[in-house]
Amino acid sequence: DKIPLLFQPFQVKDLTLANRVVVAPMCMYSAKDGFMTNFHLAHLGSFAIHGAGLVIAEASAVEPRGRISPQDVGIWSDDHIHKLKEIADFIHSQGSKMGIQLAHAGRKASMDPPYSAPPKSEYWADDVVAPSGGEALKWDENFLAPRELSVEEIHQVIKAFGAAAVRATKAGLDTVEIHGAHGYLIHNFLSPVTNKRTDSYGGSLENRARFLLEVIKEVRENFPKEKPIFVRVSASDLVEDVIDGPSWDIEQTVKVAKWAKDAGVDVFHVSSGGNVAQQKINAFPGYQVPFAERVKKEVPGLYVAAVGIITSGQQAEEVLAQEKADLIAVARGFLRDPHFVLNAAKELNVKAKYSQQYERGRR
Ligand code: FNR
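Conventions used here
- Residues numbered from 1 in each chain as written.
- Predicted model: local features only at pLDDT ≥ 70, side-chain atom pairs only at ≥ 80, totals over all residues.
- Heavy atoms only, no water.
- Near = heavy atom within 4 Å.
- Polar contact = N/O pair within 3.5 Å; in protein donor to acceptor, adjacent residues only side chain to side chain.
- Areas by Shrake-Rupley, 256 points an atom, 1.4 Å probe, with all protein chains shown as cover.
- 1 Å grid on protein atoms, 1.4 Å probe; cavity = no way out; pocket = protein on both sides within 12 Å on 5 of 7 lines; lining within 4 Å.
- Sits in = over half its atoms within 2 Å of the grid points.
- Nonpolar A, V, L, I, M, F, W, Y, C, P; charged D, E, K, R; others polar.
- Points joined across faces, edges and corners; volume = space filled by probe spheres on them.
- Helix = DSSP H or I, 4+ residues; strand = E, 2+ residues; numbered from the N terminus.
- Buried < 20%, exposed > 50% of the residue type's maximum accessible area, 1.4 Å probe, protein only.
- Pairing = 2+ DSSP bridges.

A. Broad picture of the site of the ligand. Among the 15 residues in the neighbourhood of the ligand, the closest are listed as C27, Q101, R232, I309 and R332. At 2.9 Å from an oxygen atom of the ligand is found a main-chain nitrogen or oxygen belonging to P25. Here the ligand loses 82% of its free accessible area of 600 Å² to cover by the protein chains. Placement of the ligand is best described as lying within the largest pocket. Tallied by class, the residues present in the shell around the ligand amount to nine nonpolar, four polar and two charged.

B. A look at the layout of surface pockets. By volume, the largest pocket amounts to about 860 Å³. Ranked by the residues each element gives to the lining of the largest pocket, the list is headed by helix 9 (residues 332–336), at three residues. The class makeup of the residues in the lining of the largest pocket is 20 nonpolar, 12 polar and four charged.

C. Focus on the pairing of strand 10 (residues 229–234). Burial runs high along strand 10: six of the six residues are buried. Here strand 10 shows a buried face lined by I229, V231 and V233 and a second buried face lined by F230, R232 and S234. Where strand 9 (residues 175–180) and strand 10 come together, five bridges link them in parallel fashion. Note that in strand 10 the partner of E177 across the bridge is F230. Note: strand 10 against strand 11 (residues 267–271), five bridges, orientation parallel. Within the sheet, the bridge partner assigned to R232 lies in strand 11 and is H269.

Written out as structure tokens, the structure is:
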């Protein structure tokens, strides 16, 4: 019998995944001063025990002010490497691979942490930076007004992404994912809704994409060349009919995906939305797959990961079989059901490789 695509190994550069199931990055708002804890070891480690091919750790800030909330994971200090390596070693011991999302929250860097929210004045969020600043460019009224980055500061942030890639290498991670989605800093640059600059980082698509492409170049130069790089993007601001004027859309995404591939990106991880509060998200099973498919069709040679309400083995297999994507990322599905991989395997009638300690659970 032919092995379902979902359970066939996947190789890109020197990274070989046991299957095509990826745990999508998910902020847990459980770090202190950027440090992962035993919560992260148990949380991320369990996905490996349960057979995910690749586990991508949550958005991790490349500089302290680039956190979404004070409880975000950070990768701005060499001190963060130790725990990250412990987690990576464990994940490897389970036959799985680990990536981390390199992030800067941009204009959304002043969110109250969801679990305990001290008044804003009592914590760090006083320097919220973005391509363009001012009251009119707040994400919403609960957020602080962003301040426009100078060109020199832009270069410093780019360097911070490169330094984070070095730390990821030292921690033994198999890949890094540059977070260009969901209304965070890179997306703020890409979208004309949030980028009002008139210098070389704003205006034309080339200029708005410059920041992302320079981040890619810096990360590529600072991450082992045999290891792949992922980029996550929102393929659209999802605001047509809602706001006047140009926004970010799939046409621009495809063009930038081509440039990103030429700059050394291996996998595009295609999400949507998050940059404009008035967005209209019409979420249904596989709702973002058509965006992934467009990128895959129009940028040959660039691997694509699909994400968004992919909840069963059958659904995932169809996406792969119809050549709409190369990898399937799942977020909430793994929170609801840690056995996602095993259940998908049952559905597809395949004996998935599973942690030996858990083998008896099959019977
Ligand atoms: C997320 N998501 C997310 N995305 C991202 O790029 N970086 C992140 O750190 C997070 N954090 C996060 C936390 C939690 C609790 C959830 C539920 C989601 C988005 C996530 O990766 C995914 O794209 C969406 O959840 C859609 O996929 P699912 O959940 O339908 O499989």
